[in-house]
Amino acid sequence: MTALSVLVVGATGSVGRHVVDAAVAAGHRVRALVRDPARAVGFPASVEVVVGDVTRPDTLGPAVDGIEGLVVTLGTDGEGKTGARTVDYEGVRHLLAAIGDRPVRVALMTAIGVTVREGQYNQTTEAHDWKRRSERLVRASGQEYTIVRPGWFDYNTAQQHHLVFLQGDRRTHGTPADGVIARAQIAQVLVGSLTSADARHKTLEVVAENGPAQPDLDPLFAALEADPPGSLDGVHDRPNQPLDAEPASVHGDLAALRGVLVAPSQHNHHEKDLT
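Basis of the calculations
- Residues numbered from 1 in each chain as written.
- Predicted model: local features only at pLDDT ≥ 70, side-chain atom pairs only at ≥ 80, totals over all residues.
- Heavy atoms only, no water.
- Axes fitted to C-alpha atoms, helices over the stretch in contact; angles between N-to-C directions.
- Helix = DSSP H or I, 4+ residues; strand = E, 2+ residues; numbered from the N terminus.
- Parallel < 35°, antiparallel > 145°, perpendicular 65-115°, else oblique.
- Left-handed = near helix turned anticlockwise from the far one by under 90°.
- Contact = heavy atoms within 4.5 Å.
- Buried < 20%, exposed > 50% of the residue type's maximum accessible area, 1.4 Å probe, protein only.
- Pairing = 2+ DSSP bridges.
- Core = buried A, V, L, I, M, F, W, Y, C linked by side-chain atoms within 4.5 Å.
- Salt bridge = Lys/Arg side-chain N within 4 Å of Asp/Glu carboxyl O.
- Phe/Tyr/Trp six-rings, centres within 6.5 Å; stacked < 30°, edge-to-face > 60°.
- Lys NZ or Arg CZ within 6 Å of the ring centre and 35° of its normal.
- Right-handed = clockwise from strand over helix to strand, strands pointing away.
- Lys, Arg positive; Asp, Glu negative; His and termini not counted.
- Polar contact = N/O pair within 3.5 Å; in protein donor to acceptor, adjacent residues only side chain to side chain.
- Arc of directions from axis to C-beta.

**Q** Before we go on, may I ask you to explain the packing of helix α1 (residues 16-25) against helix α6 (residues 183-193) in this structure?
**A** For any two helices packed against each other, one specifies the inter-axial angle together with the distance between the axes. At a closest axis distance of 8 Å, the pairing of α1 and α6 adopts a crossing angle of 50°. Classed by the angle they form, the pair α1 and α6 counts as oblique. At the point where α1 passes α6, the crossing takes the right-handed sense. Residues His18, Val19, Ala22 and Ala23 of α1 lie in contact with α6, whose contacting residues are Arg183, Ala184, Ala187, Leu190 and Val191.

**Q** What's the story with the packing of helix α3 (residues 80-99) against helix α8 (residues 248-257) in this structure? I'm lost.
**A** Two elements in contact, α3 and α8, have axes whose closest approach is 10 Å; the angle formed by their N-to-C orientations is 20°. Taken together, the axes of α3 and α8 are roughly parallel relative to one another. α3 and α8 meet at a crossing whose hand is left-handed. Facing Arg85, Tyr89, Arg93 and Leu96 of α3, the residues of α8 in contact are Ser249, Val250, Asp253 and Leu257.

**Q** Which parts of the structure should I look at to understand the pairing of strand β4 (residues 69-72)?
**A** Regular strands have side chains that alternate between both faces of the sheet. Both faces of β4 are covered, namely the face carrying Gly69 and Val71 and the face carrying Leu70 and Val72. Two elements, strand β1 (residues 5-9) and β4, share 4 bridges in a ladder whose sense is parallel. Residue pairing for β4: valine 8 is matched across the bridge by valine 71.

**Q** Would you explain the nonpolar core in this entry?
**A** Across soluble globular proteins, you tend to see nonpolar side chains buried next to one another. One finds Val19, Leu163, Phe165, Val189, Leu190, Val206 and Phe221 to be the most contacted residues of the largest nonpolar core, which totals 35 residues. Elements represented by at least two residues in this core include exactly β1, α1, β2 (29-34), β5 (105-109), β8 (162-166), α6, β10 (202-209) and α7 (218-222). By residue number, the principal contributor to this core is α6, which donates 5 residues. Beyond its immediate stretch of four places on either side in the chain, valine 19 contacts Val8, Val71, Thr73, Ala187, Leu190 and Val191. Core analysis: the next-biggest nonpolar cluster, separate from the first, contains 33 residues, Ala63, Val72, Ile99 and Val250 among them.

**Q** Quick question: what am I supposed to make of the pattern of salt bridges here?
**A** Between side chains of opposite charge, a pair can form as their charged atoms come close. Evaluated as defined, the whole model comprises 19 salt bridges. Residue aspartate 58 pairs with arginine 56 through a salt bridge whose shortest N-O separation is 3.9 Å. Among the residues examined, aspartate 58 registers a relative accessible area of 62% and is labelled exposed. The residue glutamate 246 makes a salt bridge to arginine 133 at a minimum N-O spacing of 2.6 Å. With glutamate 246 in the loop between α7 and α8 and arginine 133 in helix α5 (residues 127-140), this residue pair connects regions lying 113 residues apart in the sequence. Both residues of the pair, glutamate 246 and arginine 133, count as buried.

**Q** Just to check I follow, could you spell out the packing of aromatic side chains for this structure?
**A** Summed over all chains, the structure comprises 3 aromatic pairs. The interplanar angle of 85° and the centroid separation of 5.6 Å between the aromatic rings of tryptophan 152 and tyrosine 155 together place this pair among those described as edge-to-face. The exposure class of tryptophan 152 is partly exposed, given its relative accessible area of 29%. The ring centre of tryptophan 130 lies 4.2 Å from the NZ or CZ of arginine 133, which sits over that ring.

**Q** What's the story with the pairing of β2 in this structure? I'm lost.
**A** Most of β2 is tucked away, with 5 of its 6 residues classed as buried. For β1 and β2, the ladder comprises 5 bridges, and the chain directions are parallel. Within β2, the position partnered with valine 6 by the bridge is valine 30. For the crossover from β1 across α1 to β2, the handedness is right-handed.

**Q** Looking at this structure, how should I read the side chain of aspartate 169?
**A** Relative to the helices and strands, aspartate 169 is located in the loop between β8 and β9 (180-181). For the buried aspartate 169, no salt bridge is present, and the opposite-charge side chain at shortest range is arginine 149, 4.4 Å distant. Here the side chain of aspartate 169 touches glycine 113 through a polar contact of 2.7 Å, landing on its backbone nitrogen. A distance of 3.1 Å separates the side chain of aspartate 169 from the backbone nitrogen of valine 114, its partner in a polar contact.

**Q** Can you help me understand α8 in this one?
**A** What sets the pattern is the α-helix's 3.6 residues per turn: residues three or four places apart point alike. Taken residue by residue, α8 has Val250, His251, Asp253 and Leu254 as its buried positions. The arc enclosing the buried residues of α8, seen along the axis, measures out at 160°, which places them on a common side. Facing away from the buried surface of α8 by more than 90 degrees, the exposed residues are Ala248 and Ala256. The inward-facing, buried residues of α8 contact α3 and α5.

See below:
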């Protein structure tokens, strides 16, 4: 496996800390982005800590300098619509803009059920809508990527470690009935995707069922379908967030990243060049 210089964003969060540990264990050179250096405790000694804030793009230059891999585990529970937009979406936009045209392998964590728009959670917070928009930014960026939508964190039993990769985001209860998974296993999937050729340009939901964990993730990645070239959505995602109904600012953000040809089957309108 090739060792990469990897930036972990959300490194002090409940999943991010596991990502740091998993990336170090995999032999990568790890940099952790933190807003508050006082929280940067307990990291392995080899981890480089960089202070910055995804909502302040002027702070991100040193964080992304020289990186080859990026793992993003942002989350804004309790911050409502403002946090969903400024952190989950604009934070991703700022990171991609800071990287620019330099090739970086991206692993973005969103959530199972991210395409569910009608539920009370999304109606109250708009978190799913903004996370889905962040996914679209990553797909539009031209970078190699894997987008991981985990089930409910740490609701698994001691026997539930057998990973199952899904596509199309069809589990829509909005409860642990949609699937459960340990935070440590989410981290393993995110970190594993960075060096797996079979994970490129793929979007997946991941849950754990009864049974032992698989030692090799490549066969799981290989069994997935890649996102359609030029599409802003994951393969088999429901076309329920049409691009032509999106805010003008979102159109501008996509165009600023890179011109994207939108597949008509994804959005039920003619192909549109966003440049």
